[in-house]
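Residue strings, one per chain:
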Amino acid sequence: MEEKRTRVNIGIIGFGTVGSGTVKVLWEQKFEIERALGVTVEVVKIVDKDWIRSRSIVIPPSLRGEDPAEILNDDSIDIVVEAIGGLEPAFSIVKEALERGKTVVTPNKELIAKKGKELLQVALQSGSELFFEGSVGGGIPIIHALKEQLLGDDIEEIFGIVNGTTNFILSEMSLKGVSYQEALREAQRLGYAEPVPTMDVEGFDAAYKIAILASLSFRTQVDVDQVYREGITALLPQDIDFARELGYVIKLLAIAKKDKNQLELRVHPVLLPSWHSLASVNGVENAIFVKSRTRNLTFIGPGAGGEATGSAIVGDIIEAIRNLKYSCRGRAGYNFTANFPVKPMKEVVNQYCVRILAYDRPGVLGKIAAEFGACGVSLSAVKQPVSVPDQLTHIYFLTHHTPESQLQLALEHIRKLSVVSDAFAIRVESGS
Ligand SMILES: NC(=O)C1=CN([C@@H]2O[C@H](COP(=O)(O)OP(=O)(O)OC[C@H]3O[C@@H](n4cnc5c(N)ncnc54)[C@H](O)[C@@H]3O)[C@@H](O)[C@H]2O)C=CC1
Ligand SMILES: N[C@@H](CC=O)C(=O)O
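Residues numbered from 1 in each chain as written. Chains lettered and ligands numbered in written order. Predicted model: local features only at pLDDT ≥ 70, side-chain atom pairs only at ≥ 80, totals over all residues.

Chemist: Is there a simple way to think about the sheet that holds strand 6 (residues 130–131) in this case?
Modeler: Remark on secondary structure: sheet strands pair via backbone hydrogen bonds, oriented parallel or antiparallel. In space, the six strands of this open sheet follow the order 3-2-1-4-5-6, with parallel pairing throughout. Both outer strands of the open sheet, strand 3 (64–65) and strand 6, are each paired with one neighbouring strand and no more. Packed onto the sheet, helix 4 (residues 90–99) meets strand 1 (7–13), strand 4 (79–82), strand 5 (103–105) and strand 6 and runs at close to 170 degrees relative to strand 4. Contacting strand 1, strand 2 (40–47), strand 4, strand 5 and strand 6, helix 12 (residues 306–325) crosses the sheet at an angle of about 165 degrees to strand 5. (Pairing = 2+ DSSP bridges. Helix = DSSP H or I, 4+ residues; strand = E, 2+ residues; numbered from the N terminus. Contact = placed C-beta atoms within 7 Å. Axes fitted to C-alpha atoms, helices over the stretch in contact; angles between N-to-C directions.)

Printed below as a string of structure tokens:
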């Protein structure tokens, strides 16, 4: 095939943590990339609405712009990196870029989880391309693996730690005794957190990511609203201590499983045995397990951060340049041919750790245990710290495996007891 391209121009929209990380990696690796591809690669415009903010790299004023239209209307720009985040105006920008035949690379998981199918359709129609490696697992090349190497695998489960911010917070609290607020501030300072950190700590970010992973793994378009979601904000430092005493750590897991042609899709904190391979994945690291009929794989790496995610974006840019160079665009690499229903959360079976805030009075434990028993929830352990008579105290219970519906019914009854002030459950993953 005739090689025509000798130069590719790139426009960056959004010059924050990821946008600047991408430019840094591109510039540092420019010589190697150009030598490998035989193409001159130039960043010709960088657009951001805020040029006051301090950045880790300095760029010439001539490259700066403030309006995405400066990139969209520039016919010499082949590849657009969207790194502003959120749904709008990101969706309109990406759609227009694709319609204009530009290749788009984005780490925007909310955009891909909610609008990926529509945008891929636009890309197919206009013969352009959409890449989103940075949207899941930061610097871990999991999207490429699912699109290419694992396309022929019959994937049964994909799960793991997919949010760097919450893993960083839980690790800091657990390993260094740092407070939740302090750990969150540090995650923000390091550029791991989303522009709106609620996205991280309430599990939205992980829900977007597992929706993307499940869609690719099971070739079905997963609606992010079908992902059961709990974040880490209801956890207490005492939960971490209790877990540790029993030989567990607490992690926020994102889980997608195919079970008899139904999908389990959930994001929530879990107690993991400390020997579990995910238990030692700390800080901003992410880990994703893929279990297929023929092989079990583990992907571990930095789950967030400007340069780690920038490297993933540069990987997409390299693939995009190859496709431009050899005029072989329009290969989505996957499509959604299946349509699996999602298992209702109430049917999911788990073991639970239940924390109950109750008055230390005679007969309280008996009343609580009776409610568990009445709902068919069997207990495997109870722990009450030394407490003061008639004062509120946390009591922890471990249950045996039980359907979510029974556990939730028991909690509903227990919360109504006059001696109980609150009841909260964390799932326990015994896993492999
Ligand atoms: N921070 C991280 O470690 C990772 C972030 N991502 C994703 O990357 C995207 C960007 O995230 P960050 O770089 O962390 O955010 P950020 O807040 O550091 O950067 C966003 C930049 O976009 C600019 N911006 C926002 N709206 C704009 C508009 N309408 N026009 C022009 N500029 C605009 C902001 O001024 C800011 O400089 C998000 O989709 C995020 O989910 C993905 C993986 C890792
Ligand atoms: N806020 C996200 C950034 C990467 O996707 C995270 O903490 O994982």
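Chemist: Got a minute to help me understand the site of ligand 2 in this structure?
Modeler: All residues in the neighbourhood of ligand 2 are listed as Gly138, Asn163, Gly164, Thr165, Tyr192, Ala193, Glu194, Asp200, Asp205, Gly303 and Ala304. When its residues are assigned to classes, the shell around ligand 2 shows three nonpolar, five polar and three charged. (Near = placed C-beta within 6 Å. Nonpolar A, V, L, I, M, F, W, Y, C, P; charged D, E, K, R; others polar.)

Chemist: So what exactly am I meant to see when it comes to the domain arrangement of the protein here?
Modeler: It is common to give the size of an interface as the accessible area lost on bringing the parts into contact. Annotation of the protein at the domain level lists domain 1 (7–138 + 306–325), domain 2 (142–302) and domain 3 (346–428). Computed from C-alpha atoms alone, the centre-to-centre distance between domain 2 and domain 3 is 26 Å. Between domain 2 and domain 3, the residue contacts involve ten residues of the former and ten residues of the latter. Counting only elements with at least two residues in the side of domain 2 that touches domain 3, the list comes to helix 11 (237–245) and strand 10 (262–273). Residue contributions to the side of domain 2 that touches domain 3 peak at five residues, all from strand 10. (Domains from an automatic or database assignment.)

Chemist: In this structure, what is going on with unusual backbone geometry? I would like to understand it.
Modeler: If a residue is not glycine, its phi is most likely negative; likewise, a peptide bond is most likely trans. Following Glu88, the chain continues to Pro89 via a peptide bond in cis, the omega torsion being 5 degrees. With respect to the helices and strands, Pro89 occurs in the loop between strand 4 and helix 4. In this model, Asn261 sits at a positive phi of 65 degrees, which is unusual for a non-glycine residue. Tracing the chain through its elements places Asn261 in the loop between strand 9 (248–259) and strand 10. Judged by the 10 C-beta atoms lying within 10 Å of it, Asn261 is exposed. (Buried ≥ 20, exposed ≤ 12 C-beta atoms within 10 Å, placed from the backbone.)

Chemist: Help me out: how do you make sense of the environment of Asp48 in this one?
Modeler: Its place among the elements puts Asp48 in the loop between strand 2 and strand 3. The exposure class assigned to Asp48 is buried, which follows from the 21 C-beta atoms found within 10 Å. Separated by 18 residues in sequence, Asp48 and Glu66 have C-alpha atoms that sit 5.0 Å apart. When near neighbours in sequence (up to four residues on either side) are disregarded, Asp48 contacts Gly14 and Phe15.

Chemist: Hey, could you run me through the site of ligand 1 in this one?
Modeler: In the neighbourhood of ligand 1, 28 residues make up the surrounding shell, with Gly14, Gly16, Val18, Gly85 and Ala304 lying closest. When residues in the shell around ligand 1 are grouped by element, the largest group, three residues, is from helix 1 (residues 17–28). For the shell around ligand 1, the residue count by class is eleven nonpolar, eleven polar and six charged. When residues are assigned to domains, the shell around ligand 1 turns out to be shared by domain 1 (7–138 + 306–325) and domain 2 (142–302), each giving three or more.

Chemist: Looking at this structure, I do not really get helix 8 (residues 180–189). What am I missing?
Modeler: Turning to helix 8, its buried residues number three or more, namely Ala183, Leu184 and Ala187. Buried residues in helix 8, looked at end-on, bunch into an arc of 100 degrees, giving them a common side. Among the exposed residues of helix 8, those pointing more than 90 degrees away from its buried face are Gln181 and Arg189. Looking at the buried side of helix 8, the elements it contacts are helix 7 (164–176) and helix 9 (198–201). Of the residues trailing helix 8, Gly191 is marked for its positive phi of about 85 degrees. (Arc of directions from axis to C-beta.)

Chemist: Any chance you could explain the UniProt feature "domain: ACT" (unreviewed entry) in the protein here in plain terms?
Modeler: The UniProt entry lists residues 353–428 under the feature "domain: ACT" (unreviewed entry), expressed in the numbering used here. Counted over residues 353–428, helix gives 30% and strand 41%. Its end C-alpha atoms are 7 Å apart. (UniProt positions renumbered as here; feature names shortened; annotations may be inferred.)

Chemist: When you look at the environment of Leu409 in this model, what are you seeing that I'm missing?
Modeler: Locating Leu409 in the fold gives a position in helix 14 (residues 404–415). When the 17 C-beta atoms within 10 Å are taken as the criterion, Leu409 is described as partly exposed. Sequence separation between Leu409 and Tyr326 is 83 residues, and the spatial gap between their C-alpha atoms is 60 Å.

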